[in-house]
Amino acid sequence: MLIIPIQNKPDWRRPPLVCFALILANLLVFVLYQSGDESRWQAAEDYYFSSELPVLEEQRFYEFVGAEKPEWRSLAQGAGEEFIYEQLLWSREFHHWLVPQLQQEGKQQWLQQRQEFAELRDRLSSFAYGLIPAEPTLEGLFGHMFLHGGWEHLLGNMIFLLLFGLSVELALGAAWFIGLYLLGGLAAAGLHMGVEAGSLMPVIGASGAVSAVMGMFVAVYGVRRLRFFYTLGFAFGEFTAPALLVLPLWLGKEVFGYFFGNDNIAYWAHFGGLVAGFVCTMVLIRLRPSREIHVEEDLPPTPEQLALARIESLQNSGKLLEASEAAASAQRQHPESLPLIRKSIELTALAPESEAHHRAWLALFALARSPAQAFGPIARGVEEYMQRVSEPRALNVRVCLLLAQRAAKEKHWGLVESLLQRLQQKDQRHPVMARLANGLVEHYRRCGDEERARRALDFARALQPTAL
């Protein structure tokens, strides 16, 4: 069973750098470090079969099976030498059973060869940095999160990390995301060690930490309804449900897998990661102000978005006249929509001297009245408009004064000067112009540009009323 969200999109204005860094780290470890496992294993295997160990240990293996692993008898008889030598090479349980006996019997040469082989074998990434429940190490507790058993294992974990990590990092912030990722991975390892206490089989993979990210995702989105994709056997589809509802489904899947699934999967590590990620994130949300938790909502499209989509559909179909008319109509309905205004400017740009083109630019300049509207796009629009058209009719006296006042407030002094010069060319003497000119004088004096300050001062004086 597979259940994944299919609607949340990352905000590329705040890229999830930690999520990408974790994915890159896992890829680099697999390609640059784990790629050497084949040569490490070949060296260990060559040593083993060039030594006396195969002849010496085969009978001891049967003794080990009879004493410690009676369930292996049928496998040893059915698979024969293939199974026997696989365990002689790989089984750390056999190694730990054999070494004390050799020490007690004083068989130093055999013991030395066995230990030299074990040293070569333990250079494999899974033995060196894997999580071994019976022999946990600090390197294994953290290292196992960055090791994988193959490309399929690696890519599966990284895809899930990408699917869930993008939204979670955006919501919690980079520092909390990496902290809870590692904490969730440690919790997953802790539960696995508790359930598999005494096991000498190394466990590798980011699955526990990625499961923690899935738990974090559920905590962040809570009762918000999201769209999910699911597979169940050969059936698949979509459903909408509160994010919180999928947590028991995921947990149930891991419990079911432990009893009826593949023995090579650490289901309890997944379970522990899910619970740890969810609980820790819920605690964090309780402790931090809600305004610090940034959650992207996937809401239905607004009328403005629907109008823009229709216009772009007409434009892509080559129906430019209909698209232009639809843009003008939508712009009248949503006069403060910057995307619609830009689209209207784009569609009328083929006739730069047309009345429709000037009206589209005029709608952009009118946005300067709204303090909530960023002034940067408007300022760039003024410069672009003056370059594109031979007679910028939309920059009439009223609009120039509006833009100049907003530009002064936003410290765009170059634009203030340009607009004042245009007003001067129209022989305007509005009182606001003198105040703006004095602001220019102060600005250029602060910048140390006395020449431009002098010209601005002359302009300001020329705007003063004539004495009688």
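Residues numbered from 1 in each chain as written. Predicted model: local features only at pLDDT ≥ 70, side-chain atom pairs only at ≥ 80, totals over all residues. Heavy atoms only, no water.

Chemist: Would you explain the overall build of the protein chain in this entry?
Modeler: Broken down by element type, the protein chain carries 23 helices and 3 strands. Referenced to the eigenvectors of the C-alpha coordinate spread, the extents of the protein chain come out at roughly 125 × 55 × 45 Å. Every one of the 468 residues in the protein chain was classed for burial, and the buried ones make up 45%. Partitioning the intrachain contacts of the protein chain with sequence separation of at least 6 by distance along the chain shows that 69% fall at a separation of at least 24. Accessible surface, the protein chain: about 25000 Å² in total, of which carbon and sulfur atoms supply 58%. Of the side-chain charges in the protein chain, 43 are positive and 50 negative, and the distance between the mean point of each set is 17 Å. (Helix = DSSP H or I, 4+ residues; strand = E, 2+ residues; numbered from the N terminus. Buried < 20%, exposed > 50% of the residue type's maximum accessible area, 1.4 Å probe, protein only. Contact = heavy atoms within 4.5 Å. Areas by Shrake-Rupley, 256 points an atom, 1.4 Å probe, with all protein chains shown as cover. Lys, Arg positive; Asp, Glu negative; His and termini not counted. Charge placed at Lys NZ, Arg CZ, Asp CG, Glu CD.)

Chemist: It is not clear to me how the side chain of His-357 should be interpreted in this structure. Could you clarify?
Modeler: Looking at where His-357 falls in the secondary structure, it is placed in helix H18 (residues 355–366). Among the residues examined, His-357 registers a relative accessible area of 0% and is labelled buried.

Chemist: Explanation requested: the sheet that holds strand E1 (residues 2–5) in the structure shown.
Modeler: Strand pairing in a sheet is mediated by backbone hydrogen bonds. Such pairs are either parallel or antiparallel. Sheet architecture is open: 3 strands sit in the order E1-E2-E3, paired in antiparallel fashion. Here the strands that pair on one side only, and so sit at the sheet edges, are E1 and strand E3 (235–242). When strand polarity is set aside, the average angle formed by the axes of neighbouring strands in this sheet is 25°. Pairing geometry for E1 and strand E2 (residues 225–232), over 4 bridges, is antiparallel. Following the sheet pairing, Pro-5 is matched in E2 by Phe-228. (Pairing = 2+ DSSP bridges. Axes fitted to C-alpha atoms, helices over the stretch in contact; angles between N-to-C directions.)

Chemist: Explain a nonpolar patch on the surface here, please?
Modeler: A cluster of nonpolar side chains, contributed by Leu-24, Leu-28, Val-31, Leu-32, Trp-151, Leu-155, Ile-159 and Leu-163, occupies part of the molecular surface with about 770 Å² of accessible area. Elements with a contribution of two residues or more to the nonpolar patch: helix H1 (17–33) and helix H10 (151–172). Residue position: Ile-159 is located in helix H10. (Patch = residues over 30% accessible without salt bridge, like charges linked within 9 Å, V, L, I, M, F, W, Y side chains within 5 Å. Salt bridge = Lys/Arg side-chain N within 4 Å of Asp/Glu carboxyl O.)

Chemist: I tried to follow the environment of His-148 on my own but got confused; where do I start?
Modeler: Among the secondary structure elements, His-148 is positioned in the loop between helix H9 (138–143) and H10. Other than its neighbours up to four places away in sequence, His-148 contacts Asn-26, Phe-30, Gln-34, His-153, Leu-154, Asn-157, Met-158, Ile-204, Gly-205 and Ala-206. Side-chain polar atoms of His-148 contact the side chain of Asn-157, separated by 3.2 Å. (Polar contact = N/O pair within 3.5 Å; in protein donor to acceptor, adjacent residues only side chain to side chain.)

Chemist: Can you walk me through the pattern of salt bridges in this structure?
Modeler: If the charged atoms of two oppositely charged side chains come close together, the side chains can form a pair. Under the defined criterion, the tally for this structure stands at 21 salt bridges. Here Asp-37 and Arg-40 are joined by a salt bridge, their closest N and O atoms 2.6 Å apart. Residue Asp-37 and its partner Arg-40 are located together in helix H2 (residues 37–50), separated by 3 residues, close to a single helical turn. The class for Arg-40 is partly exposed, based on a relative accessible area of 22%. For the salt bridge of Lys-69 with Glu-93, the shortest nitrogen-to-oxygen distance reads 3.5 Å. With Lys-69 in the loop between helix H3 (53–68) and helix H4 (73–79) and Glu-93 in helix H6 (residues 92–105), the pair connects residues that are 24 residues apart, well separated along the chain. The class for Glu-93 is partly exposed, based on a relative accessible area of 30%.

Chemist: Please explain the side chain of Arg-121 as it appears in this structure.
Modeler: Position of Arg-121 relative to the elements: it lies in helix H7 (residues 108–121). A polar contact of 3.3 Å, which involves the side chain of Arg-121, links it to the side chain of Asp-122. When neighbours within four sequence positions are excluded, Arg-121 is seen to be in contact with Trp-41, Ala-44, Leu-89, Trp-90, Ser-91, Arg-92, His-95, Arg-114 and Phe-127.

Chemist: When you look at the packing of aromatic side chains in this model, what are you seeing that I'm missing?
Modeler: The geometry of two aromatic rings is summed up by the distance between their centres and the angle between their planes. What the rule picks out here adds up to 23 aromatic pairs. Both rings, one in Tyr-33 and one in Tyr-129, keep their centres 6.0 Å apart while their planes meet at 75°; by these two values the pair is edge-to-face. Taken together, the positions of Tyr-33 in helix H1 and Tyr-129 in helix H8 (residues 125–129) put the pair 96 residues apart, joining distant regions of the chain. On the basis of relative accessibility, which here comes to 25%, the residue Tyr-33 falls in the partly exposed class. Overall, Tyr-129 belongs to the partly exposed group, its relative accessible area being 37%. With a centroid separation of 6.3 Å and an interplanar angle of 40°, the aromatic rings of Phe-61 and Phe-64 are classed as tilted. Of the two residues, Phe-61 and Phe-64 both sit in helix H3, 3 residues apart, roughly one turn of that helix. A residue is classified by how much of its surface remains accessible, and Phe-61, at 0% relative accessible area, is buried. Judged by its relative accessible area of 2%, Phe-64 is buried. An aromatic cluster of three or more residues is present, and its members are Phe-61, Tyr-62, Phe-64, Phe-83, Phe-94 and Trp-97. Taking NZ or CZ as reference, Arg-121 lies 5.2 Å from the ring centre of Phe-127, over its face. (Phe/Tyr/Trp six-rings, centres within 6.5 Å; stacked < 30°, edge-to-face > 60°. Lys NZ or Arg CZ within 6 Å of the ring centre and 35° of its normal.)

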